Amino acid sequence: MVRVASEILNGRVPEGPVDQIWDKHRFNMKLVNPANKRKFSVIVVGTGLAGGAAAASMAELGYHVKSFCYQDSPRRAHSIAAQGGINAAKNYPNDGDSIWRLFYDTVKGGDYRAREANVYRLAQISNNIIDQCVSQGVPFAREYGGTLANRSFGGAQVSRTFYCRGQTGQQLLLGAYQALMRQVGLGKVEMFARREMLDLITIDGVARGIVVRNLSTGKLEAHTADAVVLCTGGYGNVYYLSTNAKGCNVTAAWRCHKKGAYFANPCYTQIHPTCIPVSGDYQSKLTLMSESLRNDGRVWVPKNADDSRRPSDIPEEDRDYYLERRYPSFGNLVPRDVASRAAKERCDAGFGVNDSGLAVYLDFRDAINRDGEDTIRKKYGNLFHMYHKITAEDPYQVPMKIFPAVHYTMGGLWVDYQLMSNVPGLFVCGEANFSDHGANRLGASALMQGLSDGYFVIPYTIGDHLARTKFEHIPEDHPECLAAIQNAQSRIDQLMSVQGRRTVDSFHRELGLIMWDHCGMARNKTGLETAISQIRDLREEFWKDVRVLGEGESLNQSLEKAGRVADFLEFGEIMCVDALNREESCGGHFREEHQTEDGEAKRNDEDYSYVAAWEFDGVGEEPTLHKEPLTFPNVPPTTRSYK
């Protein structure tokens, strides 16, 4: 039985009309004058779009910033892998877009499980992001006359997505990276690469530093500051197979959770509909094909389940363009959760293609015939090249084969309107927080949130915290720092001492299969209860039989992976607990017991219109549920339909 806290969790959203809140709030916040900013120091963990933008912006303002990443360079953050684009309400195509429409589409796309005020702020800031990035030299695609080009993405009936072919994340990250490295060169940012955060240091309940492991030497280090900003991405690799880089993990966020930070909506996982299908047990990750391909590619399966002809030999009358058939208003550009479930339904019904039957076609024949191969090559050339290199099939000649895969996580550490967690002084930005996407993120909104939080929100809100708080200098040999180092060292020693027979990867694969089978595209009560039991058993076996090679005080990737998998084995349980507790279907959380007659998600607004923020009560213990009620005075909840 889940323990529910009696008090209501307060998101500290200012009062007033939603379109005026942010402007008034910025005026009402306390400021740190320019001469005093240099007296404060801030730790930023992560150097992706949110972390890189935050560190660069705060250093530009005058704060002393310490920036940490576990990669060898800040520009290797996983933001580099984003392909399709970034949304903004510029309305350059003059097709009816506006800040309000972007706000509406995002709230609706998230199935009414996001905080309205945060979403409106995101839409409001979106236009500033494009101006910022253009000023940095980001090479957005342009029309013949030189104006910035836009394309469509799922969940919208307007074209609002700015893009750099299929390399948008890379180009935006390079913009943030150059801004960050400028501040490094000026001495305003200290850069700590090859460091992995292992613990949060709190003094009298306030976040004041972190413990990191130097991945090159194995040495543990304590770093202190006046505030900590966590920008460490999502937790999709709990499934083992995902579109995330292999290094992506939940460790930093989970260790903060164990220090008191609430984890919000962990069951909200996005399954991306456009990925290269699994080809064998040897795979360690999956490859994303950008959602932008659904602009010109048509999704279909054969109408006859036994049709084994080559796709080029299947005539039009024998093809089922099932997204266009089921959702005529949006067609192939329905949101990701809808497209993913529709593909799963067709494959489960026996209409899937590929040797496994777990794939559908994404076909560019009509677009090439209509616009010419050169036009398609200019839009998607690098994506087509990547697909060809991986599959040895030429998508200019034959349809791509795609299938849904784990991609993004909408859950994350709980934050208020200031982007501060319930632990004072711990701020959380980008995918690491829960705030903007509800139960389903619309395509091209991840880059928008990361840059919004980093460039335009956290530089304001962190100043309010610093101006309201009295700080004492915390030396790095403070008793709490030493205790946090000892705690991290004890966990390392425990991992190294097991010396069992099984590899770290074997445990990770088994956990991933449990999560995919029972807490993946579809969930049900029996499956989730089974998963919780299996995860507990697997975790117990891990601590008895895992084998970590090498030594603790040296370069040791086996140890790195072991620590991350140990955290996934704890975190996976709370994901399933959250999914079990939420007796409704919404967005990426699809409970089989709660669906309409035609297989669509069925929300329960009366009982579950809240943020589920979980408090850690011990490994294997039932966590405490804190509820933040969600209200929608501006976008009243309706049954989400794209038909």
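These notes cover the structure that comes with them. (Residues numbered from 1 in each chain as written. Predicted model: local features only at pLDDT ≥ 70, side-chain atom pairs only at ≥ 80, totals over all residues. Heavy atoms only, no water.)

The helix and strand inventory of the chain stands at 17 helices and 21 strands. For 643 residues, the compact-globule estimate of 2.2 N^0.38 gives 26 Å, and the chain sits close to it at 24 Å. Principal-axis analysis of the C-alpha atoms places the extent of the chain at approximately 75 × 60 × 50 Å. Taken over 643 residues, the chain has a buried fraction of 62%. Across the chain, the fraction of contacts at a sequence separation of at least 24, relative to all contacts at a separation of at least 6, is 74%. Averaging the positions of the 74 positive and the 81 negative side-chain charges in the chain gives two centres separated by 4 Å. (Helix = DSSP H or I, 4+ residues; strand = E, 2+ residues; numbered from the N terminus. Rg over C-alpha atoms; globule rule 2.2 N^0.38 Å. Buried < 20%, exposed > 50% of the residue type's maximum accessible area, 1.4 Å probe, protein only. Contact = heavy atoms within 4.5 Å. Lys, Arg positive; Asp, Glu negative; His and termini not counted. Charge placed at Lys NZ, Arg CZ, Asp CG, Glu CD.)

Turning our eyes to something else, we now look at the state of the cysteines. Within this structure, the stated rule accounts for 0 disulfides. With no disulfide of its own, cysteine 256 has cysteine 231 as its nearest cysteine by sulfur position, at a separation of 11 Å. Not engaged in a disulfide, the cysteine cysteine 519 finds its nearest cysteine sulfur in cysteine 576; these two sulfurs lie 4.3 Å apart. (Disulfide = S-S within 2.5 Å.)

Our next topic: the side chain of aspartate 453. Examined against the element boundaries, aspartate 453 turns out to sit in helix H12 (residues 446-468). At 2.9 Å, the side chain of aspartate 453 forms a polar contact with the backbone nitrogen of glycine 430. Setting aside residues up to four positions removed in sequence, aspartate 453 forms contacts with Leu419, Cys429, Gly430, Asn433, Ile458 and Pro459. (Polar contact = N/O pair within 3.5 Å; in protein donor to acceptor, adjacent residues only side chain to side chain.)

Below, the discussion takes up the packing of helix H7 (residues 251-258) against helix H16 (residues 557-581). Where H7 contacts H16, the axes come no closer than 10 Å and their chain directions differ by 60 degrees. As summarised for this structure, H7 and H16 are arranged oblique, according to the angle between their axes. Of the two possible hands of crossing, H7 and H16 adopt the one that is left-handed. Residues Thr251, Trp254, Arg255, His257 and Lys258 of H7 pack against Gly563, Arg564, Asp567, Glu570, Phe571 and Ile574 of H16. (Axes fitted to C-alpha atoms, helices over the stretch in contact; angles between N-to-C directions. Parallel < 35°, antiparallel > 145°, perpendicular 65-115°, else oblique. Left-handed = near helix turned anticlockwise from the far one by under 90°.)

Three or four residues apart is the spacing at which side chains of an α-helix point the same way, because the helix has 3.6 residues per turn. In this model, H16 (25 residues) spans 36 Å end to end at C-alpha, consistent with the 36 Å of a helix rising 1.5 Å per residue. Of all 25 residues making up H16, 22 are buried, and the element is well covered by its neighbours. (Expected span 1.5 Å × (residues − 1).)

Counting residues in hydrophobic clusters, the biggest one holds 186 residues, and the most contacted among them are Ile86, Phe140, Val229, Leu230 and Leu426. Two domains each put at least three residues into this core: domain 1 (1-30 + 39-79 + 170-268 + 410-431 + 451-643) and domain 2 (272-407). The residues touching phenylalanine 140, leaving out its near neighbours within four places in the chain, are Ile86, Ile130, Cys133, Val134, Leu148, Phe162, Tyr163, Cys164 and Leu172. Grouped together as the second largest cluster of nonpolar side chains are 6 residues, Trp300, Tyr321, Val353 and Ala359 included. (Core = buried A, V, L, I, M, F, W, Y, C linked by side-chain atoms within 4.5 Å. Domains from an automatic or database assignment.)

This part is about the sheet that holds strand S18 (residues 412-413). If you walk across this open sheet you meet the 5 strands as S1-S21-S20-S12-S18, and the pairing is mixed. Every interior strand has two partners, whereas the edge strands, strand S1 (3-4) and S18, have only one. Of the strand pairs in this sheet, strand S12 (residues 263-264) and S18 are connected by 2 bridges, and their pairing is antiparallel. Note that in S18 the partner of phenylalanine 263 across the bridge is leucine 413. Each of S12, strand S20 (610-615) and strand S21 (624-629) touches H16; the most contacted strand, S20, lies at about 145 degrees to it. (Pairing = 2+ DSSP bridges.)

Running from N to C, helix H14 (residues 504-519) and helix H15 (residues 525-545) point in directions that differ by 175 degrees, and their axes come no closer than 9 Å. The orientation of H14 relative to H15 falls into the category roughly antiparallel. Counted together, Phe507, Glu510, Leu511, Ile514, Met515, His518 and Cys519 of H14 and Gly527, Leu528, Thr530, Ala531, Gln534, Ile535, Leu538, Glu541, Phe542 and Asp545 of H15 form the full contact between these two elements. Grouping the amino acids of the contact of H14 with H15 by side-chain chemistry returns 10 nonpolar, 4 polar and 3 charged. (Nonpolar A, V, L, I, M, F, W, Y, C, P; charged D, E, K, R; others polar.)

Attention now moves to the side chain of threonine 47. On the secondary structure map, threonine 47 appears in the loop between strand S2 (41-45) and helix H3 (49-61). A polar side-chain atom of threonine 47 sits 3.1 Å from the main-chain carbonyl oxygen of proline 74. Dropping the residues within four chain positions of it, threonine 47 is found in contact with Gly52, Ser67, Phe68, Cys69, Gln71, Pro74, Ala77, Leu173, Leu180 and Met191.

What follows is about the sheet that holds strand S8 (residues 195-203). In space, the 3 strands of this open sheet follow the order S8-S9-S10, with antiparallel pairing throughout. Two strands in the sheet have a free side with no partner beyond their single neighbour: S8 and strand S10 (220-224). Direction aside, the axes of adjacent strands within the sheet are offset by 25 degrees on average. Alignment of strand S9 (residues 206-214) against S10, held across 5 bridges, turns out to be antiparallel.

Among the 7 residues of strand S13 (residues 269-275), 7 are classified as buried, and the element is accordingly described as predominantly covered. Relative to strand S17 (residues 400-409), S13 runs antiparallel, the two sharing 5 bridges. From the neighbouring strand, glutamine 270 faces S17, where its bridge partner is tyrosine 408.

Before going further, it helps to examine the pattern of salt bridges. For the structure shown, the criterion picks out 62 salt bridges. With its nearest N and O atoms 3.8 Å apart, the salt bridge here joins arginine 326 to glutamate 345. Of the two residues, arginine 326 is situated in helix H8 (residues 322-326) and glutamate 345 in helix H9 (residues 336-348); the sequence distance between them amounts to 19 residues. Classification of glutamate 345 by relative accessible area gives partly exposed; the value is 33%. Residue lysine 561 pairs with aspartate 505 through a salt bridge whose shortest N-O separation is 3.3 Å. (Salt bridge = Lys/Arg side-chain N within 4 Å of Asp/Glu carboxyl O.)

Right, let's talk about unusual backbone geometry for a bit. Phi is positive for aspartate 111, close to 55 degrees, though the residue is something other than glycine. You can see aspartate 111 is positioned in the loop between helix H4 (99-109) and helix H5 (116-135). One non-glycine residue, glutamine 499, lies in the positive phi region at around 50 degrees. Along the chain, glutamine 499 turns up in the loop between helix H13 (479-498) and H14. Glutamine 499 sits in the partly exposed class, given a relative accessible area of 38%.

Quick look at the packing of aromatic side chains now. In the structure shown here, the tally under the stated rule is 28 aromatic pairs. Measuring from centroid to centroid gives 5.1 Å for tryptophan 100 and phenylalanine 103, while their planes differ by 75 degrees, and the two rings are edge-to-face. Of the two residues, tryptophan 100 and phenylalanine 103 are both situated in helix H4; the distance of 3 residues between them amounts to about one turn of the helix. Tryptophan 100 gets classed as partly exposed once you look at its relative accessible area, which sits at 37%. When its relative accessible area of 0% is taken as the criterion, phenylalanine 103 is described as buried. Centre to centre, the rings of tryptophan 254 and phenylalanine 616 are 6.1 Å apart; their planes meet at 80 degrees, and the pair counts as edge-to-face. Of this pair, tryptophan 254 sits in helix H7 while phenylalanine 616 sits in the loop between S20 and S21; the two residues are 362 residues apart in sequence, bridging distant segments of the chain. Among the aromatic side chains, those forming a connected cluster through ring pairs are Tyr235, Trp254, Phe263, Phe571 and Phe616. Above the ring of tryptophan 22, the side-chain terminus of arginine 121 is found at 4.8 Å from the ring centroid. (Phe/Tyr/Trp six-rings, centres within 6.5 Å; stacked < 30°, edge-to-face > 60°. Lys NZ or Arg CZ within 6 Å of the ring centre and 35° of its normal.)

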